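Spelled out from the first residue to the last, the chains are:
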Amino acid sequence: MKILTILSNGIKETDSLIIFSCLAITLLIAFGYSAYQKLVKLNQSHPIISWDEDDVYMTFEDEDDI
Amino acid sequence: MKMISDPTTAVSHNQLKSTALFLSEYAATLLACGATTLRIEKNVERIAGSYQTHVSVTVFPLHVMLTVWDTSHTHSYSNCEKIKAHALNFETNTQLSKLSWMIHDQRLTLEEAESIYHQMLSMPRLNPWLVLLLVAFANASFCRLFNGDYAAMAVVFVATLNGYYIKVKLQNDWHWDFRIATILSGLTAAIIACSGFVFSLGKTPDIALATSVLFLVPGIPFINSVSDLIHGHYICCMSRFIQAVILTFCLSLGLCLALLIMHITI
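Structure report, in brief. (Residues numbered from 1 in each chain as written. Chains lettered and ligands numbered in written order. Predicted model: local features only at pLDDT ≥ 70, side-chain atom pairs only at ≥ 80, totals over all residues. Heavy atoms only, no water.)

**Focus: the environment of Ser 56 of chain B**
Residue and element names in this part refer to chain B. Convention followed: Only DSSP runs of H or I with at least four residues qualify as helices, and only runs of E with at least two residues qualify as strands; both kinds are numbered from the N terminus onward. Think of it in three bands: residues with accessible area under 20% of the maximum for their type are buried, residues over 50% are exposed, and the middle band is partly exposed, with areas taken using a 1.4 Å probe on protein chains only. Contacts between residues were defined by any pair of non-hydrogen atoms, one from each residue, lying within 4.5 Å.
With respect to the element layout, Ser 56 can be found in strand E1 (residues 53-59). In this structure Ser 56 comes out as partly exposed when scored by relative accessible area, which is 37%. Once residues within four sequence positions are removed from consideration, Ser 56 is found in contact with Met 65, Leu 66 and Thr 67.

**Looking at the interface of chain B and chain A**
The line we're drawing: The term buried area denotes the loss of accessible surface (1.4 Å probe radius) that occurs when two parts are joined, taken as the sum for both partners. A 3.5 Å cut-off defines polar contacts: any pair of N or O atoms within that distance qualifies, except that in protein one atom must be a possible hydrogen donor and the other a possible acceptor, and neighbouring residues in sequence count only when both atoms are side-chain atoms. When residue character is reported, Ala, Val, Leu, Ile, Met, Phe, Trp, Tyr, Cys and Pro are called nonpolar, Asp, Glu, Lys and Arg charged, and the others, Gly included, polar.
On the chain A side, the residues contacting the 23 residues of chain B number 19 residues. With both sides pooled, the region where chain B packs onto chain A buries about 2000 Å², and carbon together with sulfur makes up 73% of that total. Summed over the three residues of chain B that lose the most area to chain A, namely Asp 206, His 263 and Thr 265 of chain B, the buried surface amounts to 24% of that side. Summed over the shared surface of chain B and chain A, the result is 1 residue pair in polar contact (both at pLDDT 80 or more). Of all the elements in the fold, those that place two or more residues in the side of chain B that touches chain A are helix H6 (150-173), helix H7 (178-193), helix H8 (195-198), helix H9 (205-211) and strand E4 (264-265) of chain B. It is H6 of chain B that contributes the most residues to the side of chain B that touches chain A, 5 residues altogether. Of the residues belonging to the side of chain B that touches chain A, the class tally is 16 nonpolar, 5 polar and 2 charged.

**What about the packing of aromatic side chains?**
The geometry of an aromatic ring pair is captured by the separation of the ring centres together with the interplanar angle, meaning the angle of the planes. Our working rule: Put simply, two rings from Phe, Tyr or Trp (the six-membered ring, in Trp's case) pair if the centres are within 6.5 Å, and we call them stacked under 30 degrees between planes, edge-to-face over 60, tilted for the rest.
All chains considered together, the criterion is met by 10 aromatic pairs over all chains. A centroid spacing of 6.4 Å and a plane angle of 35° characterise the contact between Tyr 33 of chain A and Tyr 36 of chain A, whose relative ring orientation is tilted. Here Tyr 33 of chain A pairs with Tyr 36 of chain A, and both are found in helix H1 (residues 13-45), just 3 residues apart, close to one helical turn. Residue class for Tyr 33 of chain A comes out exposed when judged on its relative accessible area of 60%. Taken together, a centroid distance of 6.3 Å and an interplanar angle of 50° make the contact between Trp 174 of chain B and Trp 176 of chain B tilted. By relative accessible area, which is 41% here, Trp 174 of chain B ends up partly exposed.

**Concerning the sheet that holds strand E2 (residues 63-70) of chain B**
Residues and elements named next belong to chain B. Put simply, the rule is: If DSSP finds at least two bridges between two strands, the strands pair. Think of each axis as a best-fit line through the C-alpha atoms, taken over the contacting stretch in the case of a helix, with angles from 0 to 180 degrees between the N-to-C directions.
Here we have 3 strands laid out as an open sheet, ordered E1-E2-E3, and antiparallel in their pairing. Every other strand in the sheet has two partners, leaving E1 and strand E3 (76-82) as the edge strands with one partner each. Averaged over all neighbouring strand pairs, the angle between strand axes comes to 15°, with direction disregarded. Against the sheet, helix H2 (residues 37-50) makes contact with E1 and E2, and its axis sits at roughly 160° relative to E1, the strand it touches most.

**As for the pairing of strand E2 (residues 49-52) of chain A**
Residues and elements named next belong to chain A. Both E2 and strand E3 (residues 55-58) contribute to a ladder of 4 bridges, which runs antiparallel. The residue bridging Asp 52 from the neighbouring strand is Asp 55, located in E3. In this antiparallel pair of consecutive strands, E2 and E3, the connection spans 2 residues, and Glu 53 shows a positive phi of 55°.

**Examining the packing of H2 of chain B against helix H3 (residues 90-106) of chain B**
Residue and element names in this part refer to chain B. Convention followed: Relative orientations are named as follows: roughly parallel for angles under 35 degrees, roughly antiparallel for angles over 145 degrees, roughly perpendicular for angles from 65 to 115 degrees, and oblique for any other angle. Each crossing gets its hand from how the near helix is turned against the far one by less than a right angle, where anticlockwise is left-handed and clockwise is right-handed.
Where H2 meets H3, the axes come as close as 8 Å, and the angle between the chain directions of the two elements is 25°. What the angle tells us is that H2 and H3 run roughly parallel. Two packed elements cross with a definite hand, and for H2 against H3 that hand is left-handed. From H2, Arg 39, Asn 43, Arg 46, Ile 47 and Ser 50 reach across to H3, where they touch Asn 93, Leu 96, Ser 97, Ser 100, Trp 101, Ile 103 and His 104.

Here you go:
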């Protein structure tokens, strides 16, 4: 005996996007902060972006060689 | 006015005081771990009896009130302990019950009992990643029990992994309100469970969706409230029942929001 019937009222293009967004948010919550920390650590050892007060500088690896 | 201090009374008072403080903390911890009021009463009375004292326990929704009497019922000490917000833990629950028997059988002193009590509380819990996997497997098994196919089980497994992780992260690590955490967790799990409809996975996407939020059902508060009802602890029964109903409402709200977002009708 089937007590409950659940029906989908047509699939829309945004539905798959919503599902993938949920998965992405969970991954971001799970690994986002540690990925950010690793990037900051990497930037400190091989500076690509650095800042001083209000100024932001971009450094390229090639500039060091010159 | 001259104060007269009787050294024997002072010792007796200090003993009563330390016994009452230990027992009230013990009772509050047991309650936070998910023990029934009947078990708390039995354990506390067993310990109090071992120290030649009598005890009466009153459990309120947020506090435990306890009065310890000496054997002659001439001197008492009362304490009101706040129940700490604590995740349910049946391992601690079992260990604390064992402690009450150890005190009774081995005649432990209060200092020894307190030391063992703190050791028991500091024991590490199960690995959270293992718990996450086990919860996901359990919920996928629920799906199978309701005649879901293997595709539906896989969908429920992934949905539960996501939903449960969000709940734990929001509630335990970020200290969000448990109701908001439950709503968002139910919403996430139900939206991911809708992938059965969206991507045509398996033949029972309806069962996947319906069982995807079952891991949020507060079974222990419901069961404990019935136990309290049977044994006449009506205040505690109502408190646990209302808490369980609030959680059920929150998970239902999350599920309904997901159904609205994904255009699914019942």
